[in-house]
Structure formats: C-alpha cells, structure tokens
Amino acid sequence: MNFEIENKSIFASDNGKGIDKNKDTIVFLHGSGLSHIVWSLSEQFFSNNNFNVLSIDLPGHGNSEGPCLKTIEEIAEWLELVFDALELQNLILVGHSQGCLEILEYSHRYKDRLKKIVFIGGSNKMPVHPDLIELAENGDSDAVKLMMKWGYEGSKKFIGGNPVERIIQSPKDISEILAVDLIACNNYKNGSNAAGSIEVPSMFVFGSLDKMVNLESGKKFSQLIKNSTIYVIDGCGHMIMIEKAFEMRDKVLEFLNK
C-alpha cells in the first residue's frame, strides 16, 4: 500500500490485505540500508494468523520517497506521523537491528499505541566502526561486504541468498542510504534510558552466531527491559528473519498469542 506523509509517497507492504480495524497490527521495521523485502518470509505467515501486517520502507528506502531521515529520533517522530495518519492502535512493533533502536526511541516517546514489542538481533546501542562509515560515505562496495561478513559468514545458509547485497546494489545506495543509516545508529545515545521506560511485554530474538550483536551484549540489553523474554536461535547470524525465518516466526507467534 502507498500513502503520503509530509507530501512524500511512502510504501508499506500489507500482504495485499489492507488494515482491518478489528485486528492487531504488526509493524515490521527494517535495518540499515535495507527495505521491506527482508520481511517477505514473515508477512504472509502473520497475516494468515489473524494480524494486520505492515512492512514499512523508511523514507529513501525501497519504494518510499526520500530523503533518508538522519537520526533515530527523527525516525521515531516520523513513525508517529505514520501511525496517526493510518489511525493505528494496538500496535506490535517488530524491529531488526537499526529497527530496534527505532522501537526504543518510539516507545520512549509514545506509549499509548503499543501492545507488544519484538526485538530481532538488536541492542540498546549500536556503535559503528569509523572505517565502515568512511567506506559507506564513499559509496565503496566493501562496506556491504563487511556488513555481510560481520553479520554471518555462512552466506549459503540464507534462503534465497544474502539480502543485503541484493538490496544495496549501487554506490548511490551505499553513500546516500546505508551511510546515513549507519551514522544514525552510531550517534544514538538514548537506548539505555529508553529501554528502562518500556512497560509492555517484550521479546528478544538473537542469533548465536551474530557478530554484529553478540549474544552477551544482547542479553545485557534484554535485562534493561522489564517483563521480557529471550529466545536464542542456534546456527544463526544477524539476518535472523531470513536465515531462520520459520523458527523465528513460530516463536514470535507463540509470544504474541500469550
């Protein structure tokens, strides 16, 4: 579906079913440089389990008009504009990587719309190495290669191939989208404070082989949030919703149905 926010066309994949006001809505938030495509193995599953689904392309990403928003705080404010425009309540936010930071900041600012939260491969802080930022700002394809390596080196384990290199395809994508996102993650400092203010039931899903968010730091993150549960997927890296989509979906659904 397409809609307008601040005179920009925004795209969100809804599995072709629109929004039923009688159902809870799951909003999927993608990671740095990516798009709604990463949630393709989850959308139909949750739609078939009686949820509305919305996989949102952030401004400048996927099929949404730009420019990219430069800070996590800006994205949180923008998400509230989206949810207000679409008149959404009883929201379940599911974020991956950068999307987890967006959930933290949104939850800190706006509580009334939220029902549950799911963090996929995320942490309360995501510092980015200066060399990676420099590569991305220069549009260097090595930035994408480093992301894939640090996410998980076993690329053959991905269903349909690693989505990072399929979505981020050009020097322009790297310099104007990925670099902006990486800088936003690196500059976000309110994660711990925001985590402490969350009151809704929350779930954390981690990959045992994730190098971007290692299990130790992930568990420390989970301890900041009250009323939370953790699930660790063995043999899985950072792109959990692609590498281990079926296992992830089942465990998230179990959490949502409690």
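Not measured: the values here are computed from a predicted model.

A. Seen up close, the nonpolar core. One finds Phe-46, Phe-83, Leu-104 and Phe-119 to be the most contacted residues of the largest nonpolar core, which totals 83 residues. If you tally residues by element for this core, the top one is helix 2 (residues 72-85), at seven residues. If sequence neighbours within four positions are ignored, Phe-119 has contacts with Gly-95, Cys-100, Ile-103, Leu-104, Ile-198, Ser-202, Met-203, Phe-204, Val-205, Phe-221 and Ile-225.

B. Examining helix 9 (residues 215-222) more closely. Listed as buried for helix 9 are Gly-218, Phe-221 and Ser-222. Down the axis of helix 9, the buried side of the element spans an arc of 100 degrees, and every buried residue falls inside it. Pointing more than 90 degrees away from the buried face of helix 9 are the exposed residues Glu-216 and Lys-220. Tucked inside the fold, the buried residues of helix 9 contact helix 3 (98-109), strand 6 (114-120), helix 8 (191-196), strand 7 (202-207) and strand 8 (228-233). Two or three places before Glu-216, at the start of helix 9, stands the capping residue Asn-214, its side-chain oxygen 3.2 Å from that residue's backbone nitrogen.

C. Inspection of the pairing of strand 4 (residues 52-56) at higher detail. Strand 4 sits mainly inside the fold: five of its five residues count as buried. By the alternation rule, side chains of strand 4 split into Asn-52, Leu-54 and Ile-56 and Val-53 and Ser-55, which are all buried. Two elements, strand 3 (residues 25-29) and strand 4, share five bridges in a ladder whose sense is parallel. Its bridge partner lying in strand 4, Phe-28 is registered against Ser-55. One crossover worth recording links strand 3 to the parallel strand 4 by way of helix 1 (residues 40-47), and it is right-handed.

D. Representation of the environment of Thr-71. Within the fold, Thr-71 resides in the loop between strand 4 and helix 2. Residue Thr-71 is classed as partly exposed on the basis of its relative accessible area of 28%. In sequence terms Thr-71 and Gly-191 are 120 residues apart; their C-alpha atoms lie 13 Å from each other.

E. Geometry of helix 5 (residues 142-151). Listed as buried for helix 5 are Ala-143, Val-144, Met-147, Met-148 and Gly-151. Projection of helix 5 onto a plane perpendicular to its axis shows the buried side chains occupying an angular sector of 135 degrees, all on one side. Where the residues of helix 5 are buried, they touch helix 4 (130-137), helix 6 (163-167) and helix 7 (171-187).

F. Region of interest: the packing of helix 4 against helix 7. Taken N-terminus to C-terminus, the directions of helix 4 and helix 7 make an angle of 155 degrees; their axes are 8 Å apart at the nearest point. Considered as vectors, helix 4 and helix 7 are oriented roughly antiparallel to each other. Of the two possible hands of crossing, helix 4 and helix 7 adopt the one that is left-handed. Contacts from Leu-132, Ile-133, Leu-135, Ala-136 and Glu-137 in helix 4 reach Ile-174, Ser-175, Ala-179, Leu-182, Ile-183 and Asn-186 in helix 7.

G. Structural detail: a nonpolar patch on the surface. A cluster of nonpolar residues, Leu-146, Trp-150 and Met-212, forms a patch on the protein surface that exposes about 280 Å² of accessible area. Along the chain, Trp-150 turns up in helix 5.

H. A look at the pairing of strand 7. With six of six residues buried, strand 7 is to be regarded as a mostly interior element. Taking every second residue as pointing to the same face, both faces of strand 7 are buried, with Ser-202, Phe-204 and Phe-206 on one and Met-203, Val-205 and Gly-207 on the other. Note that strand 6 and strand 7 share four bridges and pair parallel. Looking at strand 7, one finds that Ile-117 is bridged to Ser-202. You can see the chain leave strand 7, run along helix 9 and come back into strand 8, and the turn it takes is right-handed.

I. Here's a closer look at the pattern of salt bridges. Summed over all chains, the structure comprises eight salt bridges. Measuring nitrogen to oxygen at the nearest pair gives 3.4 Å for the salt bridge that ties Arg-113 to Asp-84. Within this pair, whereas Arg-113 is found in the loop between helix 3 and strand 6, its partner Asp-84 is found in helix 2, the two being separated by 29 residues in sequence. Between Lys-145 and Asp-142 there is a salt bridge, with its nearest N and O atoms 3.8 Å apart.

Criteria and thresholds
- By convention here, each chain's residues receive numbers from 1 onward along its written sequence.
- Local features in this predicted model are restricted to residues of pLDDT 70 or higher, and side-chain atom pairs are both shown and tallied only at a pLDDT of 80 or more, whereas totals for entire chains, interfaces and linings draw on every residue.
- With hydrogens and water excluded, all non-hydrogen atoms of the structure serve as input to the side-chain values.
- What makes a nonpolar core is a set of buried Ala, Val, Leu, Ile, Met, Phe, Trp, Tyr and Cys residues whose side-chain atoms join them at distances within 4.5 Å.
- Each residue is placed in one exposure class: buried if its accessible area under a 1.4 Å probe, protein chains only, is under 20% of its type's maximum, exposed if it is over 50%, and partly exposed if it falls in between.
- Runs of H or I in DSSP of at least four residues are treated as helices and runs of E of at least two as strands, each being numbered from the N terminus.
- We call two residues in contact whenever any of their non-hydrogen atoms come within 4.5 Å of each other.
- Note that the arc is computed from the directions linking the helix axis to the C-beta atoms.
- N or O atoms closer than or at 3.5 Å make up a polar contact, with two conditions inside protein: a donor-capable atom paired with an acceptor-capable one, and, for residues adjacent in sequence, both atoms drawn from side chains.
- Paired strands, as defined in this entry, are two strands with at least two bridges between them according to DSSP.
- Here a crossover is taken to be right-handed if, once the strands point away from the viewer, the path from the first strand over the helix to the second is traced clockwise.
- Axis definition: a line fit to C-alpha positions, over the contact stretch in the case of helices; interaxial angles, taken between N-to-C directions, run 0 to 180 degrees.
- In what follows, roughly perpendicular refers to angles from 65 to 115 degrees, roughly parallel to angles under 35, roughly antiparallel to angles over 145, and oblique to any angle outside these ranges.
- Put simply, a crossing is left-handed when the front helix is turned counterclockwise from the back one by less than a right angle, and right-handed when it is turned clockwise.
- Candidates for patches are residues over 30% relative accessible area with no salt bridge; among them, like charges are joined within 9 Å and nonpolar side chains (Val, Leu, Ile, Met, Phe, Trp, Tyr) within 5 Å.
- All accessible areas in this document rest on Shrake-Rupley with a 1.4 Å probe, and a residue is counted as covered only by the protein chains that are shown.
- When a carboxyl oxygen of Asp or Glu lies within 4 Å of a side-chain nitrogen of Lys or Arg, that pair is called a salt bridge.

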